[in-house]
Amino acid sequence: MIEALLVFALAIGLGWPLGRYLAAVMRGAPMRGDRLFGWIERPIYRLLGTAPAQGMTCRGYAKAFALSNIMVGGLVWLLFMTQAWQPLNPDAIPNMRWDTALHTMVSFLTNTNQQHYSGQAQLSYLSQMVGIVGLQVITPMMGLALVVATLRALVGGREATTAVGAPRATASGDADVGNYWADLIRPTLRFMLPLCLLWSVLLTSQGVPSTLTAGPVATPVDGTIEMKEQKIPLGPVAPMVAIKQLGTNGGGWYGPNSSVPLENPTPFSNLLEMLAIILVPVAVAFMVGPFTRRRKFTALVFGSMLLMSVLSAGAGILLEGHSAMAASPGLMEGKEVRFGADTSALWATLTTQTSNGSVNAMHDSLAPLTGLVTLGNMLVNAIWGGIGCGLQQFIVYLLLAVFLAGLMTGRTPELFGRKIEAKEIRLLSLLILLQPLVVLGFTALTLAMPQLTGNSNPGFHGISQVFYEYTSAFANNGSGFEGLGDATYWWNLSCALVLALGRYPALIVPLAVAASLARKRATPEGPGSLHIETPTFALTVIAVIVILTLLQFMPALVLGPVADHLTLVHGGTTP
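The structure displayed is predicted, hence computed values, not measured ones. (Residues numbered from 1 in each chain as written. Predicted model: local features only at pLDDT ≥ 70, side-chain atom pairs only at ≥ 80, totals over all residues. Heavy atoms only, no water.)

**A closer look at the overall build of the protein**
Phase 1 of the analysis: Of regular secondary structure, the protein possesses 18 helices and 4 strands.
Phase 2 of the analysis: Split into buried and exposed, the 575 residues of the protein put 59% on the buried side.
Phase 3 of the analysis: Taking the intrachain contacts of the protein between residues at least 6 apart in sequence as the baseline, contacts between residues at least 24 apart amount to 79%.
Phase 4 of the analysis: Total accessible area on the protein is roughly 22,100 Å²; 69% of this is exposed by carbon and sulfur atoms.
Phase 5 of the analysis: Side-chain charges of the protein comprise 32 positive and 28 negative groups, with the mean position of each set lying 17 Å from the other. (Helix = DSSP H or I, 4+ residues; strand = E, 2+ residues; numbered from the N terminus. Buried < 20%, exposed > 50% of the residue type's maximum accessible area, 1.4 Å probe, protein only. Contact = heavy atoms within 4.5 Å. Areas by Shrake-Rupley, 256 points an atom, 1.4 Å probe, with all protein chains shown as cover. Lys, Arg positive; Asp, Glu negative; His and termini not counted. Charge placed at Lys NZ, Arg CZ, Asp CG, Glu CD.)

Structure follows, in structure tokens:
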């Protein structure tokens, strides 16, 4: 628990100033670094044919977001399928099969990093640095841009958040929610890349490789006739580990991720990587108040997320370290002995509270009830969530909680002076129903046709494996109960679809709802208004989250991890 408290304390202590800085970056306020970054940004804006002050409506913003994803995704997919003929391939890695390349592209484009390949063995240095790391840098900033546009629409457009004197009108007269390209470029250059540079240096100091040379060949001490030599894969690992953690990405350079000593060599590197998992999502929560100029709004968002996070982390550590010990004597199976079961459980809860998905232990080897906690975290997907995406999902729950609280108290549901009516609730309801339809539908279909699954486990744990894979894909998390044979056409194509369905509606629908609210006339808040920035309403939001996510998946959770736990308790027999 001491390590957990240290991680939370560091995340809060560093996240507060980072959040204020990020708010200034996204508001476009004059900054000391303008002269440094301006000469980099201006040529990019000219190339794109835009200007930071050029306003966009919500529709135009969404179109620019979709266009950027299509263009970048197509180029990366092509790179993966032609990497054998490209430079920076000293280990002669062959081209990726088209379906694996498609799944990998969609996975990293959606900020998920679900890997159906073994990282160092199937991607060249060029694919890793340009395709993988490139997407890991820009996709979290895409999520941040969408949530910033949503916040602008909710509080009255860019005029409510922007620096004084900036142009604020759009050609159509609709609410100006900012410029997508500026909202993508500014935080990438001014926030994410400097932070990644710092983390890369810190990780390199701990022994994480950072080289472009081919890996050395070693002779194993216990070498056999079949394995007289072993090739040690190296590469520019430290920069990728930095952005995979800070960007809530999670895709490792090596197949087993941060359980590999080269990717996570020391206790200090383990602390750095755990801290990086939640640092930027915490900063985004702290950004809300300064950005919207509603300071108490930060308390609502941060307080709700922190309470859920602490409860989740505490439950994971206790379940793994105590009840699981009694149920399974092989507790350390699948875990790195340098860190132990408790640190593995802490990492597992933090990585699923966000959309990070990196691991320092195999989640398939977690105690069943610890696996239940990680599944619950991903089903909620708003404890911290991905950068931007987590806050966007929290806004969905917030709007639903406002509507329900208004009905219960006999008041017209409204947020920031704008009424929430049937149109907005229909859109939000479709978004809420999409998750069970997709996750449970694909889980049932896969279990009904076992010849397609490649599942390594029968019974209850087999159900957990399949359910976890689709939950992770829809939550844009990327972790998995490995042992699942997922490098097949079925898993690659079905998961690619689930990845897209979990990413794009969750970002665009809240923006559409906010745009609908922005077109309504705002009324001043009075004594009869519902005040959301209170502890009581925070608990209401958490109750809505529990009801809408965990309870509707209760049958699947009982058939999977709960039944798996009871089987272990009863000595391997079904109770």
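After that view, the rundown keeps rolling.
**Some words on the pattern of salt bridges**
Two side chains of opposite charge can pair, provided their charged atoms sit close to one another.
Phase 1 of the analysis: Tallied over the full model, the rule gives 8 salt bridges.
Phase 2 of the analysis: One salt bridge connects K244 with E263, and the closest N-O pair in it is separated by 2.5 Å. Highlighted residues: K244 in helix α8 (residues 237-246) and E263 in the loop between α8 and α9 (267-292), separated in sequence by 19 residues. Comparing K244 with E263, the two get one shared label, buried.
Phase 3 of the analysis: Salt-bridge contacts for K520 lead to E424; the nearest nitrogen and oxygen are separated by 3.1 Å. Here E424 lies in helix α14 (residues 422-448) and K520 lies in the loop between α16 (489-518) and α17 (535-550), a separation of 96 residues in the sequence.
Phase 4 of the analysis: Counted as one network, the salt bridges with shared partners bring together D34, E41 and R190. (Salt bridge = Lys/Arg side-chain N within 4 Å of Asp/Glu carboxyl O.)

**Describing unusual backbone geometry**
Phase 1 of the analysis: The phi angle at N113 is positive, at roughly 65°, despite the residue not being glycine.
Phase 2 of the analysis: Phi angles above zero are rare outside glycine, and F416 is one such case at about 55°.
Phase 3 of the analysis: Locating F416 in the fold gives a position in the loop between β3 (414-415) and β4 (418-419).

**Section: the environment of V133**
Phase 1 of the analysis: Considering the arrangement of structural elements, one finds V133 in helix α6 (residues 125-155).
Phase 2 of the analysis: On the basis of relative accessibility, which here comes to 16%, the residue V133 falls in the buried class.
Phase 3 of the analysis: V133 sits 46 residues away from P87 along the chain, and the two C-alpha atoms are 16 Å apart.
Phase 4 of the analysis: When near neighbours in sequence (up to four residues on either side) are disregarded, V133 contacts Q128, M240 and I243.

**Remarks on the state of the cysteines**
Phase 1 of the analysis: Tallied over the full model, the rule gives 0 disulfides.
Phase 2 of the analysis: The cysteine C389 is free of any disulfide, with C196 supplying the nearest cysteine sulfur at 16 Å. (Disulfide = S-S within 2.5 Å.)

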